[in-house]
Amino acid sequence: MLSLVIPVYKNEESLPRLLHELEGLAGRLRDTLEVVFVVDGSPDSSLRILQSRLPTWSIRSQLVELSRNFGSFSAIAAGLLHGQGDSFAVLAADLQEPPDLVLEFHKLLTSGEADVVFGHRTGRADAWLSRLASEWFWSLYRRFVLKDLPRGGIDVFGCTRQVRDRLLELKEVNTNLIALLFWLGFRRRFVPYERQPRLEGRSAWTIGRKFRYALDSVFSFTDLPIKWLLWLGVIGTSAACIAGVTVFVAWSLGHIPVLGYTPLMLVISFFGGLTALGLGIVGEYLWLSLQNARARPAFVVKSTWRSSSDSGPSSALENHALAVPPIADRNSS
């Protein structure tokens, strides 16, 4: 069974079309589909619409209501936690990602070709300013943070139950779920698609949310800004020393007639560079403390093998995938 997780926030206008599309998708998946709707504190009528439609809906489904708006990544995590499938997929409720992606995800996951499948955007039917900002961000993110990330960015994905379990073991907030999946590793595949225009309603993905997402994506997975600050401090301090020697020599030769100019320049140059250097050093220690506070594991085991008998090195090997109990069982124990 495939559990399809759909976060819902301000989607009352697109829900009728979404439910219709999912009915067609379930038919092509031969009734192996479970849909987990997660209403992320939506202020509109999305919850009431789902509460009225799902009891008589022909598809196996769950409805999860969060106490407030926690953000799309938290809503996805809640849906993954409640899903009962052998594999999982994520789809946006506004249908800007085509539902056929779920079929590709399911095919690759059930065939054993991949443990994680990402929907790779090759184009997007958005305003030119939004496209430009997205391309600029993802190109920089790909260059400096996640070098394996494909051009165009990623919004949706599918994964096996094992990857789901490992992902939910990472108890982090204000993070990037896609980057965490890359950090986990496992076998990856990418499915290209073109993002469709939004036909109903307005996106709740405001400039403020995008900016927060960009900051979380950077600061959660790289210490590059701290490195830049540290090197800026080193360069600034070195330049201050050179400038200080130059100003002192010029003052000694009588080329600086202005009183007080020499000590003022020395103090500003030296302590300006020293401040940046000190902030960079302190930042390195804070980054290490942050890494320890996140408590990410030092490694992630996908599977183990051991000999099936004690007859020596030539014995056949058995694959013993790590048995991870369902999330619900672990939480209830």
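Residues numbered from 1 in each chain as written. Predicted model: local features only at pLDDT ≥ 70, side-chain atom pairs only at ≥ 80, totals over all residues. Heavy atoms only, no water.

Caption draft 1: Here's a closer look at a nonpolar patch on the surface. A cluster of nonpolar side chains, namely Val245, Phe248, Val249, Trp251 and Leu253, defines an oily patch on the protein surface of about 520 Å² accessible area. Within the element layout of this structure, Phe248 appears in helix H9 (residues 224-252). We classify Phe248 as partly exposed; its relative accessible area is 45%. (Patch = residues over 30% accessible without salt bridge, like charges linked within 9 Å, V, L, I, M, F, W, Y side chains within 5 Å. Areas by Shrake-Rupley, 256 points an atom, 1.4 Å probe, with all protein chains shown as cover. Salt bridge = Lys/Arg side-chain N within 4 Å of Asp/Glu carboxyl O. Helix = DSSP H or I, 4+ residues; strand = E, 2+ residues; numbered from the N terminus. Buried < 20%, exposed > 50% of the residue type's maximum accessible area, 1.4 Å probe, protein only.)

Caption draft 2: View of the packing of aromatic side chains. Using the criterion set out here, one finds four aromatic pairs in the structure. An angle of 25 degrees between the planes, with centres 5.7 Å apart, marks the rings of Phe118 and Phe190 as stacked. Of this pair, Phe118 sits in strand S5 (residues 116-124) while Phe190 sits in strand S7 (residues 188-195), and the two are 72 residues apart along the sequence. Note on Phe118: relative accessible area 0%, which makes it buried. (Phe/Tyr/Trp six-rings, centres within 6.5 Å; stacked < 30°, edge-to-face > 60°.)

Caption draft 3: Layout of the confidence of the model for the protein chain. Looking at the protein chain as a whole, the pLDDT averages 76, with 74% of positions reaching at least 70. Looking across the protein chain, the model is least confident in helix H11 (residues 327-332), with a mean pLDDT of 37, and most confident in strand S4 (residues 87-90), with 93. Across residues 308-333, where pLDDT falls below 50, the model places 37 contacts with residues more than four positions away in sequence or in other chains. (pLDDT = per-residue confidence, 0-100. Contact = heavy atoms within 4.5 Å.)

Caption draft 4: Looking closely at the nonpolar core. Counting residues in hydrophobic clusters, the biggest one holds 35 residues, and the most contacted among them are Val38, Leu80, Phe118, Tyr141 and Phe157. Among the elements of the structure, strand S2 (33-39), helix H3 (72-82), S4, S5, helix H5 (128-144), strand S6 (154-160), helix H6 (161-168) and helix H7 (177-184) are those that each provide at least two residues to this core. Per-element tally for this core: the top contributor is H7, with seven residues. In this structure Val38 touches Val5, Ile6, Pro7, Val8, Val64, Leu66, Ala75, Ala78 and Gly79, once residues within four positions along its chain are discounted. Counting residues in each nonpolar core, the second largest holds 34 residues, with Ile6, Trp57, Leu91 and Ala114 among its members. (Core = buried A, V, L, I, M, F, W, Y, C linked by side-chain atoms within 4.5 Å.)

Caption draft 5: Geometry of unusual backbone geometry. With phi around 55 degrees, Lys10 is a residue other than glycine that occupies positive phi space. Along the chain, the position of Lys10 falls in the loop between strand S1 (2-8) and helix H1 (15-28). Judged by relative accessible area, Lys10 falls into the partly exposed class, the value being 39%. You will see that Phe186, though not glycine, has its phi angle at about 70 degrees, which is positive. Locating Phe186 in the fold gives a position in the loop between H7 and S7.

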